[in-house]
Amino acid sequence: MKPAPFKYHAPTTVDEVVGLLAEHGYDAKILAGGQSLIPTMNFRLAQPAVLIDINAVSELAYIKSNGDGGLRVGALARHAEAEHSRLVAEVAPLVHATMPLIAHPQIRNRGTLCGSLAHADPASELPAVLVALQGRVRASRQGGSRWIAAEEFFQGIFTTALEPDELLAEAAFPPLPSRSGWAIQEVARRHGDFALAGAVAVVQVDEGGTCTAARLVFFGVGEGPVLARQAGAALVGAEPTEQRIADAAALAANNDVPTPHEDIHASSAYRRHLVEVLGRRALSQAFARATAEER
Amino acid sequence: MSEQMTIRVTINGKAYERTVEPRLLLSDFLRHECDLTGTHVGCEHGVCGACTVLFDGLPVRSCLMFAVQAHGHEVTTVEGLAPEAPERLHPLQEAFWEAHGLQCGFCTPGFLMTLVPFLEQNPNPSDEEIREAIAGNLCRCTGYQHIVSAVKLAAAKMHPDPSLRETR
Ligand SMILES: Cc1cc2nc3c(=O)[nH]c(=O)nc-3n(C[C@H](O)[C@H](O)[C@H](O)COP(=O)(O)OP(=O)(O)OC[C@H]3O[C@@H](n4cnc5c(N)ncnc54)[C@H](O)[C@@H]3O)c2cc1C
Ligand code: FES
Ligand code: FES
């Protein structure tokens, strides 16, 4: 239960970080909040030869509004900061509502939003939120950086489009358009535990109340965030009645989501049941917000 | 043995300088290098909360940080709560004692270090808020009821005037 030896670097600028990544690449790991990396090192499931600690890179410690009215969070923005930020509550209410669902206060004091995205745990809330909002991340390497859309970024269990020499420098959560609503729903065994299953919905309606867009994304039931395309398509173009929402959630559970895994906490069938119930609740809540709020 | 680094950490107001391997966990640093064995180690993967300490004033898992990351920072452990113990305890410790908030006591340092900052921010918490605040700490003895009672008692002790409790 002790980590294997490693070489430790504590750079203070992004230039140094990407320089170290260029030098060590495959042998190195970024150490952000450490709330996922250090447990796996303690178990020796991970034994990186080099750790690049970004906690002293102050230029990465920001949460700010984007030019488009959305939110930008740097790699050192911690969950607890977003949880208590008025700006996040205003411009990214879905992100704000997600924070208390992530682990416990002590863990949120260290863990970072970008770390949650880079780690890509299939049971994690934030990757699903980024996909639902059609957000992006910026990957930096020596000599340049590129933006990666959420749907391309998450590639499987603990797997992302990030190359070994790239730093996830920041994430961008776009603003919600007018007449849109959002919701996040999950079932966990204990407050703050990883969810058995969860659903994020982001929807939009027109003046007449017809659904013009619906994105329903699940976590905890696949190899990463699962975007329920058929369920979304079934809702667009019609009024989101209770029946249509229930049908869409059933479609998600039966067609969109692959057979969920089984573990000591939940059977595959129970997880599929949760997909339907949580999908329905998330859609209902999101549509209620969309019709109630002239945002 | 891998390379060693010399670090300076302020713990409970006192400066400690030690030379350690980067892979040394903060929890082990406190216990083995600084002889501050009040910080307990249960699971070493962030689940039990026994190792909770204040890092620059905020509760964190000391098993999920490396000691080298504390270089130049301030740590408060349970020993720092009551410098005059056992003659004088922190009001939260008194409340745990009086309300039977502990049995074996293994989990207690972690609960205390989680709850001290919580009570500073929430001088008059509801049962639900207390339960949420301690969701990240495991206790195998008490069943949590007495811990919740202890926190309510501590809140009353720390802010005996109810009007003060509302406004602070
Ligand atoms: C008991 C417990 C319960 C938890 N419950 C939940 C939960 O309910 N929901 C949830 O979502 N999470 C949960 N977590 C995980 C927690 O949210 C982590 O903080 C988060 O997943 C990782 O963020 P971090 O900053 O700690 O990253 P680290 O642990 O520092 O890093 C994780 C991985 O991402 C890489 N990485 C981190 N930042 C970057 C970057 N900027 N660029 C490139 N690579 C990077 C690291 O190299 C490493 O491989 C829990 C953790 C614990 C210990
Ligand atoms: S020992 Fe740190 S959380 Fe259990
Ligand atoms: S008092 Fe024994 S574990 Fe809590």
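Residues numbered from 1 in each chain as written. Chains lettered and ligands numbered in written order. Predicted model: local features only at pLDDT ≥ 70, side-chain atom pairs only at ≥ 80, totals over all residues. Heavy atoms only, no water.

A. Layout of the sheet that holds strand 14 (residues 226-227) of chain A. All names here are of chain A. Spatial strand order, 11-12-13-14: 4 strands in an open sheet with antiparallel pairing. Edge strands, defined here as strands with exactly one partner in the open sheet, are strand 11 (180-188) and strand 14. Here strand 11 pairs with strand 12 (residues 195-205) via 9 bridges, running antiparallel. The residue of strand 12 that forms the bridge with E186 is G198. Taken strand by strand, helix 8 (residues 125-132) contacts strand 11, strand 12, strand 13 (211-219) and strand 14, and its axis lies near 160° from that of strand 13. (Pairing = 2+ DSSP bridges. Helix = DSSP H or I, 4+ residues; strand = E, 2+ residues; numbered from the N terminus. Contact = heavy atoms within 4.5 Å. Axes fitted to C-alpha atoms, helices over the stretch in contact; angles between N-to-C directions.)

B. Quick look at the side chain of Q93(B). Residues and elements named next belong to chain B. Tracing the backbone shows Q93 in helix 2 (residues 91-98). We classify Q93 as buried; its relative accessible area is 14%. Every residue in contact with Q93, bar those within four places of it in the chain, is listed here: V78, L81, A82 and L112. (Buried < 20%, exposed > 50% of the residue type's maximum accessible area, 1.4 Å probe, protein only.)

C. Focus on the nonpolar core. I54(A), V95(A), V129(A), L167(A) and F173(A) are the most contacted members of the largest nonpolar core, which totals 58 residues. Here this core gets 6 residues from one element, more than from any other, and that element is helix 8 of chain A. Contacts of F173(A), omitting those with residues within four sequence positions, involve G70(A), L71(A), V73(A), V95(A), L126(A), V129(A), L130(A) and L133(A). Grouped together as the second largest cluster of nonpolar side chains are 32 residues, L31(A), I11(B), V53(B) and V68(B) included. (Core = buried A, V, L, I, M, F, W, Y, C linked by side-chain atoms within 4.5 Å.)

D. Up close: helix 1 (residues 26-33) of chain B. Where helix 1 of chain B is concerned, the buried positions are L26(B), S27(B), D28(B), F29(B) and L30(B). In this structure, the buried side of helix 1 of chain B is in contact with strand 1 (5-11), strand 2 (14-20), strand 3 (52-55) and strand 5 (74-76) of chain B.

E. Representation of the site of ligand 1. Around ligand 1, 33 residues are found, and the nearest of them are I30(A), G34(A), L37(A), T112(A) and S124(A). More than one chain reaches ligand 1: its neighbouring residues belong to chains A and B. Separating an oxygen atom of ligand 1 from a backbone N or O atom of Q35(A) is a distance of 2.8 Å. At 3.4 Å, a backbone N or O of D193(A) approaches an oxygen atom of ligand 1. Taken by itself ligand 1 offers 950 Å² of open surface, and the protein chains cover 94% of this. (Near = heavy atom within 4 Å. Polar contact = N/O pair within 3.5 Å; in protein donor to acceptor, adjacent residues only side chain to side chain. Areas by Shrake-Rupley, 256 points an atom, 1.4 Å probe, with all protein chains shown as cover.)

F. Structural detail: the domain arrangement of chain B. All names here are of chain B. Domain parsing of chain B yields domain 1 (5-80) and domain 2 (91-160). A straight line from the C-alpha centre of domain 1 to that of domain 2 covers 22 Å. Contact with domain 1, which involves 17 residues of that partner, is made by 12 residues of domain 2. Together domain 1 and domain 2 conceal approximately 1100 Å² of surface at their shared face, both sides included; 66% is due to carbon and sulfur atoms. Of all residues in domain 1, H40, T52 and V78 give up the largest surface area on contact with domain 2, accounting jointly for 39% of the area buried on that side. Taken together, the connections running from domain 1 to domain 2 amount to 0 salt bridges. Joining domain 1 to domain 2, the criterion identifies 4 residue pairs in polar contact (both at pLDDT 80 or more). (Domains from an automatic or database assignment. Buried area = accessible area lost by both parts, 1.4 Å probe. Salt bridge = Lys/Arg side-chain N within 4 Å of Asp/Glu carboxyl O.)

G. Looking closely at the pattern of salt bridges. A complete count under the given rule lists 19 salt bridges over all chains for this structure. Here E151(A) makes a salt bridge to R229(A), at a shortest N to O gap of 3.0 Å. Residue E151(A) is located in helix 9 (residues 150-153), and its partner R229(A) is located in helix 10 (residues 229-235); the two are separated by 78 residues in the primary sequence. Between D263(A) and R271(A) there is a salt bridge, with its nearest N and O atoms 2.9 Å apart. Connected through shared salt-bridge partners, K2(A), D28(B) and E44(B) make up one network.

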